[in-house]
Amino acid sequence: MSRTHRRALLAAAAAVVLTLTGCAGWGGGPGGGGPDSINVLMVNNPQMIDLQRLTADNFTKQTGINVNFTVLPENDVRDKISQEFSSQAGQYDVASLSNFEIPIYAKSKWIAPLDEYVQADTQFDQDDILKPMTQSLTADDGKLYGEPFYGESSFLMYRKDVLESNNVQMPEKPTWQQVADIAAQVDNKQPGMRGICLRGQPGWGQIFAPLTTVVNTFGGTWFEKDWTPKVDGPEFTEATKFYVDLVRAHGENGAPQAGFTECLNNLIQGNVAMWYDATSAAGSLEADDSPVKGKIGYAPAPVVKTDSSGWLYAWSWSIQQASDKKDNAWKFISWASSKQYEELVGQQVGWSSVPAGKRASTYENQDYLKVASSFAEPTKAAIEAADPRNPGVQERPAIGIQFIDIPEFTDLGTQVSQYVSSAIAGQMSVDDALSRGQRLAEDVAERYQSREEGSG
């Protein structure tokens, strides 16, 4: 079990304890408290648990502000944040939101703009935040509504030794056809090792995280600028057939059930030679107890018609609009997303645990680079190349690379993903899957087109 896996289990166990105890302080529900306390609702990822443990002895000691944490698993925290922020009860001051929710919540006026705080807080150094992160957390009104805690893009991970032993060279900027050719060349050249791992598990954040980036670079899109749905369009279809054919021909065993965790385990255990997925996976691949440490190469997300195609994701902080403790809430956010906090984690937890992927300065920090030298620069390059407002060959009606930033996408993407996963399993054709998906997309499009007509 890798260090990341152990920490994830500890995080999950901690969340259970917090839920059972229901107490304030280290966990549980919001403690209410006086003017010098804030309530934070956040996901139970390992880096967040580190933050929770470091807060009292550092942030509280420095500022006098007590922080009452409520910590929940991802699906649960999304539901609770939605309930709490939509009601605007003001019970929670800060929440961990992703760059999917933040523009939506900003439009609904559930979260507060941060521009004035950023301008007044010269130590925070907003210019050090990687530009695609700032862009993805900026709403259509041009205001900033979130600060990233850590972020990721996507890239291609591959076994350098396996390619070399088969006289195969990875191009500096591979195309998807080149990746498919390499997968065919190395498939089963080692016992039990398939050519590539690609997610096939249903879910808008599972199979469609990588697949939508493939659609983008093939020239496809879920919707055109005027909300015309293109799910069964020629480019979307070509991209999906390519993806399905590749994983069926040279992909991992059990592909229709394989998500991020399954593919990570497949690469670590030597069951696949390549994997296209999140840059955050590199920390597990290069962990001290990883059997593939030092054997992995990192190449940019494969392309076809675009210059880059990596996705963009960030767990970030936002302030509830109804909070009456916004100043203290900002002080917490400023500390949690600061350079100084990264130094603190490096010194007290370990540099491999630093919440990276958000600041340019992280990738100039020699202590961090000692543990992340093999993947630091490819990660930074992937994030910097991401363009959340222009990820394809045509204009889009909403921000987003691997998703469309509208509330309906979670349901739309999940339903269509079930059809595509069935195509990977051989239970239906891609044409049939996308034909059904087109009908679902038409229902969504009709709502947005009627709204635009009504406001025109």
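The residue count restarts for each chain, going from 1 along the sequence in the order it is written. Predicted model: local features are reported for residues with pLDDT of at least 70 only, side-chain atom pairs are reported and counted for 80 or more only, and whole-chain, interface and lining totals are derived from all residues. To get the side-chain values, take all heavy atoms of the structure and skip hydrogens and water.

**Q** I would appreciate a short explanation of the packing of helix α2 (residues 46-63) against helix α13 (residues 326-336) in the present structure.
**A** The relative placement of two packed helices comes down to the angle between their axes together with the axis-to-axis distance. Working convention: axes come from line fits to C-alpha atoms, limited for helices to the stretch in contact. Angles between N-to-C directions cover 0 to 180 degrees. Strands are runs of DSSP state E lasting at least 2 residues, helices are runs of H or I lasting at least 4, and numbering of each runs from the N terminus. Running from N to C, α2 and α13 point in directions that differ by 120 degrees, and their axes come no closer than 11 Å. Here α2 lies oblique to α13, going by the angle between them. For α2 against α13, the interelement crossing comes out right-handed. In this structure, α2 contributes Leu-51, Leu-54, Thr-55, Asn-58, Phe-59 and Gln-62 to the contact, and α13 contributes Lys-331, Phe-332, Trp-335 and Ala-336. Among the residues forming the contact of α2 with α13, the class breakdown is 6 nonpolar, 3 polar and 1 charged. In this scheme, roughly parallel covers angles under 35 degrees and roughly antiparallel covers those over 145, while 65 to 115 is roughly perpendicular and the rest are oblique. Crossing handedness follows the turn of the near helix against the far one: under a right angle anticlockwise gives a left-handed crossing, and clockwise gives a right-handed one. The contact definition used throughout considers only heavy atoms, calling two residues in contact when any of these lie within 4.5 Å. Three categories are distinguished: nonpolar for Ala, Val, Leu, Ile, Met, Phe, Trp, Tyr, Cys and Pro, charged for Asp, Glu, Lys and Arg, and polar for the others, with Gly belonging to the last.

**Q** Even after reading the chapter, I still don't get the sheet that holds strand β5 (residues 154-159), so can you show me in this structure?
**A** One key point about sheets: their strands pair by backbone hydrogen bonds, in either a parallel or an antiparallel sense. Note on pairing: two strands pair once DSSP finds at least 2 bridges between them. Pairing is antiparallel across the open sheet formed by 3 strands, whose spatial order is β6-β5-β7. In this open sheet, the two strands that pair with only one neighbour each are β6 (274-278) and β7 (296-300). Taken pair by pair, the neighbouring strands of this sheet meet at an average axis angle of 30 degrees, ignoring direction. In this structure, β5 lies alongside β7, joined through 5 bridges in antiparallel fashion.

**Q** Got a minute to help me understand the pattern of salt bridges in this structure?
**A** Note that side chains of opposite charge can pair when their charged atoms are close. Any carboxyl oxygen of Asp or Glu within 4 Å of a side-chain nitrogen of Lys or Arg constitutes a salt bridge here. Tallied over the full model, the rule gives 17 salt bridges. A salt bridge links Glu-384 to Lys-380; the nearest nitrogen and oxygen atoms lie 3.2 Å apart. Taken as a pair, Glu-384 and Lys-380 lie in helix α16 (residues 376-385) at a separation of 4 residues, close to a single helical turn. Under the relative-accessibility criterion, Glu-384 is labelled partly exposed at 40%. A relative accessible area of 16% places Lys-380 in the buried class. A network of salt bridges, in which partner residues are shared, links Glu-74, Arg-78 and Glu-101. Relative accessibility under 20% of the residue-type maximum defines a buried residue, over 50% an exposed one, and the middle range a partly exposed one, all with a 1.4 Å probe and only protein chains included.

**Q** Help me understand the state of the cysteines in this model?
**A** By definition, a disulfide links the sulfur atoms of two cysteine residues through a covalent bond. In what follows, a disulfide is any cysteine sulfur pair within 2.5 Å. The full count for this structure, using the stated rule, is 1 disulfide. One disulfide bridge connects Cys-197 with Cys-263, the sulfur atoms lying 2.3 Å from each other. For the disulfide bridge between Cys-197 and Cys-263, the dihedral angle about the S-S bond is near -80 degrees, and by the sign convention the bridge is left-handed. Taken as a pair, Cys-197 in the loop between α8 (176-186) and α9 (208-217) and Cys-263 in helix α11 (residues 260-268) lie far apart in primary sequence, 66 residues in all.

**Q** Is there a simple way to explain the confidence of the model for the protein in this structure?
**A** When pLDDT drops low, the exact placement of atoms in the prediction is not to be read closely. As a per-residue quantity, pLDDT reports the predictor's confidence and falls between 0 and 100. Per-residue pLDDT for the protein averages 92, and the proportion of residues at 70 or more is 92%. pLDDT under 50 marks residues 1-29. Its contacts with residues more than four places away, or in other chains, come to 52 contacts.

**Q** Honestly, the packing of α8 against helix α10 (residues 234-250) in this entry has me stumped. Any pointers?
**A** Put simply, α8 and α10 touch, their axes get as near as 10 Å, and they point 15 degrees apart. By the angle between their axes, α8 is roughly parallel relative to α10. Between α8 and α10 lies a crossing whose hand is left-handed. Packed against α8, whose contacting residues are Trp-176, Gln-177, Ala-180, Ala-183 and Ala-184, the element α10 presents Phe-242, Leu-246 and His-250 at the interface. In the contact of α8 with α10, the residues fall into 6 nonpolar, 2 polar and no charged.

**Q** Explain the pairing of strand β4 (residues 147-152) here, please?
**A** Two faces make up the sheet, and in a regular strand the side chains alternate between them. Burial runs high along β4: 6 of the 6 residues are buried. Relative to strand β8 (residues 313-319), β4 runs antiparallel, the two being bridged by 5 bridges. Paired with Glu-147 across the strands is Trp-317, a residue of β8.

**Q** When you look at the sheet that holds β4 in this model, what are you seeing that I'm missing?
**A** If you trace the 5 strands from one edge of the open sheet to the other, you get β2-β1-β3-β8-β4, paired in mixed fashion. The sheet is open, and its two borders are formed by β2 (66-72) and β4, each paired with just one other strand. Strand-to-strand, the axes of this sheet are offset by a mean angle of 20 degrees, without reference to chain direction. Inspection of the sheet shows strand β1 (residues 37-43) paired to β2 by 7 bridges, in the parallel sense. Residue pairing for β2: Val-43 is matched across the bridge by Leu-72. Running at roughly 155 degrees to β8, α13 makes contact with β1, β2, β3 (94-98), β4 and β8 of the sheet.

**Q** Would you mind going over a negative patch on the surface with me for this structure?
**A** A contiguous patch of negative charge on the surface is contributed by Glu-224, Asp-226, Glu-452 and Glu-453. Tracing the sequence through the fold places Glu-452 in helix α18 (residues 430-455). When its relative accessible area of 44% is taken as the criterion, Glu-452 is described as partly exposed. Patch criteria: residues need more than 30% relative accessible area and no salt bridge. Like-charged residues are merged within 9 Å; nonpolar side chains of Val, Leu, Ile, Met, Phe, Trp and Tyr are merged within 5 Å. Method for areas: the Shrake-Rupley scheme with a 1.4 Å probe, in which residue coverage is limited to the protein chains shown. Asp and Glu are treated as the negative residues and Lys and Arg as the positive ones, with His and the ends of the chain left uncounted. Charged side chains are reduced to one point each, which is NZ for Lys, CZ for Arg, CG for Asp and CD for Glu.

**Q** It is not clear to me how unusual backbone geometry should be interpreted in this structure. Could you clarify?
**A** Trans is the prevailing form of peptide bonds, just as negative phi is the prevailing case for residues other than glycine. Phi at Asp-125 is positive, roughly 65 degrees, even though this residue is not glycine. Within the fold, Asp-125 resides in the loop between α5 (115-120) and α6 (131-136). Residue Asp-125 is classed as partly exposed on the basis of its relative accessible area of 26%. A positive phi angle is found at Trp-227, which is not glycine, with a value near 75 degrees. For Trp-227, the position within the fold is in the loop between α9 and α10. The exposure class assigned to Trp-227 is buried, which follows from its relative accessible area of 3%.

**Q** Please clarify how α8 should be interpreted in this entry.
**A** Two residues of an α-helix separated by three or four positions point the same way, owing to the 3.6 residues in each turn. Taken residue by residue, α8 has Trp-176, Val-179, Ala-180, Ile-182, Ala-183 and Val-186 as its buried positions. The buried side chains of α8 occupy one side of the element, clustering within an arc of 160 degrees when seen end-on. Positive backbone phi, at 60 degrees, marks Asn-188, one or two positions downstream of α8. Arc definition: it is the arc formed by the directions from the helix axis to the C-beta atoms.

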